[in-house]
Structure formats: structure tokens, C-alpha cells
Amino acid sequence: MSNKVTTKVAELTIDGDGIIHMTFFKNVKVNLEEAKNILIARKEFPMEDGMQRMLVDMRNTPQPEREAREYAKAEEVINVTRGMALLVDGPMSKLLGNFFLGFNKGGFPTKLFTDTKEAKTWLLQL
């Protein structure tokens, strides 16, 4: 088991609380193939009861392509995700992100944050 896995578009690490932190590299394109590669990378980390808590830093990358966003709602992703906290730049990004999430419900709890500590606190309550 590794504590860090790298894909073409992101670095994934796991902290002492068992939360997987995913940070996208700057100016990458997140398409369907890369979304699938991220799920493969996630399997390198332990899963509590078969589920993972994800803290995803979205501040470096543009919005994922539609197919990648749809894949995030696929059963194979839902089945291993306890919850996902998305880090965004600021209040305006958070407002727009919440609006977007309202129309794109996934199969697990998802919430936007501007503060890492608040995001971790929320994830640990799931």
C-alpha cells in the first residue's frame, strides 16, 4: 500500500484520518479516460467498509469534461465513495459550484468548501 499515487492529471495522498486528498495539476484536461484512471489509482488506498472519503482540490483545474462528470455518478464510483468534499477558490466559485451540484446530484454526499479544515471535519462526520 502506498501513501501517494500519481496519475497524468492529479496526485492522490492519504492522511492519518484515512481521507484521500486529490490535487489536480495545473491546466490539465480531465476527460473520461483520466477519470477512470483516477478510480484505478484510488484502489491503491485502503477502504473503510469498502468506502473512501475524498477531499478534491479543484482550484488548479478547469471544470472536468461532461463525460468525466457523468462517470463520477457511475455505480463503480458510487460504490467506493462515502463522500466527496470539493475545494474551490472562493465564495463566488462556491456559489456557482453549489448551483451546478444542484442539477448534477451524485450517489454520495458532495459539498463545496473554501477551507480544507472545514472540508475534513465534514468528511469525518460521514
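Look a little higher up for the structure.
Given the structure is predicted, the values throughout are model-derived calculations rather than measurements.

S.K.: Where do I start with the pairing of strand β2 (residues 10-14) in this structure?
M.R.: On a regular strand, each side chain points to the face opposite its neighbour's, so the side chains alternate between the two faces of the sheet. In terms of strand pairing, strand β1 (residues 4-6) meets β2 through 3 bridges, oriented antiparallel. The residue bridging Thr6 from the neighbouring strand is Glu11, located in β2. Turn length for the β1-β2 hairpin, with the two strands adjacent in sequence and antiparallel, is 3 residues. Across 5 bridges, the pairing between β2 and strand β3 (residues 19-24) is antiparallel. Each residue of the ladder has a partner; that of Thr13, found in β3, is His21.

S.K.: Would you mind going over the sheet that holds β2 with me for this structure?
M.R.: Paired through backbone hydrogen bonds, the strands of a sheet run either parallel or antiparallel to each other. Pairing is mixed in the open sheet, where 6 strands are placed in the order β1-β2-β3-β4-β5-β6. At either end of the open sheet lies a strand with only one pairing partner, and these are β1 and β6 (110-113). For this sheet the average axis-to-axis angle between neighbouring strands, irrespective of direction, equals 20°. With 6 bridges connecting them, strand β4 (residues 52-57) and strand β5 (residues 81-87) associate as parallel partners. Residue Leu55 lies in a different strand from β5, and its bridge partner there is Ala85. With respect to the sheet, helix α5 (residues 116-124) is in contact with β3, β4, β5 and β6, its orientation differing from that of β5 by roughly 165°.

S.K.: Looking at this structure, how should I read the environment of Val77?
M.R.: Mapped onto the fold, Val77 is located in helix α3 (residues 75-78). Of the residues examined, Val77 reaches a relative accessible area of 6% and is grouped as buried. Note: C-alpha distance between Val77 and Gly107 (30 residues apart in sequence) is 8.8 Å.

S.K.: Can you help me understand the nonpolar core in this one?
M.R.: Within soluble globular proteins, side chains that are nonpolar generally end up buried alongside one another. Grouped together as the largest cluster of nonpolar side chains are 25 residues, with contacts concentrated most on Leu12, Met22, Phe24 and Val56. Contributions of two or more residues to this core are made by β2, β3, α1 (32-42), β4, α2 (66-71) and β5. For Phe24, the contacting residues outside a window of four places in its chain are Val9, Ala10, Val30, Ile38, Val56, Asp57, Met58, Asn60 and Thr61. Residues Leu87, Phe113, Ala119 and Trp122 belong to the second largest nonpolar core, which totals 8 residues.

What counts as what
- Residues numbered from 1 in each chain as written.
- Predicted model: local features only at pLDDT ≥ 70, side-chain atom pairs only at ≥ 80, totals over all residues.
- Heavy atoms only, no water.
- Pairing = 2+ DSSP bridges.
- Helix = DSSP H or I, 4+ residues; strand = E, 2+ residues; numbered from the N terminus.
- Axes fitted to C-alpha atoms, helices over the stretch in contact; angles between N-to-C directions.
- Contact = heavy atoms within 4.5 Å.
- Buried < 20%, exposed > 50% of the residue type's maximum accessible area, 1.4 Å probe, protein only.
- Core = buried A, V, L, I, M, F, W, Y, C linked by side-chain atoms within 4.5 Å.

Shape descriptors only; they carry no functional weight alone.
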